[in-house]
Amino acid sequence: MIAMSHCWRYSAGPSTLGVLVLVDIFQEIDEELRQDRLNKLWKSYGYYFVGFLAFIIVCVGGWKGWQMYSVSQLELSSHRYEMASRFLLEEKQVDASSLFQGLSEEGYAIYKVLGTFERAALLAKNEKQNEAIALYSKISEDPEISQAFRDAGSLFSVLLRMKSPSARADELPASSPDLARVHFEIRRHKQRCTELRI
């Protein structure tokens, strides 16, 4: 029995070794085939892959650059708006007006609209109603500005026009349903005033 098991072990050893050698050969061939396929793919599509990666890097870099530019422009416009507001508090209207004018022409994002509003308010305060009305009308007709600011521009324009004794209610703008109601109420008020004078 001992001799038999020893024979079995002896006879099993070389055949198992042969199977392991065959498995190793097949694995090496498989790895070489994979390597050849990867080399062929790289030769065919490697430039596209590198180009795609470069495109992604450029896009991310451009996006980050745009974000940094936007933040710096917002900070600059914010600083200019703050300085103009300080000048207003210090009664330096000429300096404030020039800063608000610069903001209304070159301000970034919301500060352009705010600068225009402030400039128009200063003009109205200095008895330059026609110029102020023109600025408010410009705001109310700008499609790039949000509806709330356009409505505010229309409303301020209406209020300034109502101060004029020659204002006609039918010439007043009504750019939204809410302002149309205000427009209607202003016309009714003017009609009542006219009837009371007669």
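For clarity, every value in this text was computed on a predicted model and none was experimentally measured.

Asks: Could you give an account of the side chain of Ser-140, naming the residues involved and the relevant values?
Replies: Following the sequence through the fold, Ser-140 ends up in helix α4 (residues 129–140). Here Ser-137 takes part through its backbone oxygen, which lies 2.9 Å from a polar atom of the side chain of Ser-140. Excluding residues that lie within four positions of it along the chain, Ser-140 makes contacts with Arg-150, Gly-153 and Ser-154.

Asks: Break down the pattern of salt bridges for me, citing the residues and quoting the values.
Replies: Under the defined criterion, the tally for this structure stands at three salt bridges. In this structure, Arg-86 engages Glu-82 in a salt bridge whose closest nitrogen and oxygen atoms are separated by 2.8 Å. Here Arg-86 pairs with Glu-82, and both are found in helix α1 (residues 2–89), just four residues apart, close to one helical turn. The closest approach of N and O atoms between Lys-92 and Glu-90, which form a salt bridge, is 3.4 Å. Residue classification places Lys-92 among the partly exposed positions, given a relative accessible area of 37%.

Calculation rules
Residues numbered from 1 in each chain as written. Predicted model: local features only at pLDDT ≥ 70, side-chain atom pairs only at ≥ 80, totals over all residues. Heavy atoms only, no water. Helix = DSSP H or I, 4+ residues; strand = E, 2+ residues; numbered from the N terminus. Polar contact = N/O pair within 3.5 Å; in protein donor to acceptor, adjacent residues only side chain to side chain. Contact = heavy atoms within 4.5 Å. Salt bridge = Lys/Arg side-chain N within 4 Å of Asp/Glu carboxyl O. Buried < 20%, exposed > 50% of the residue type's maximum accessible area, 1.4 Å probe, protein only.

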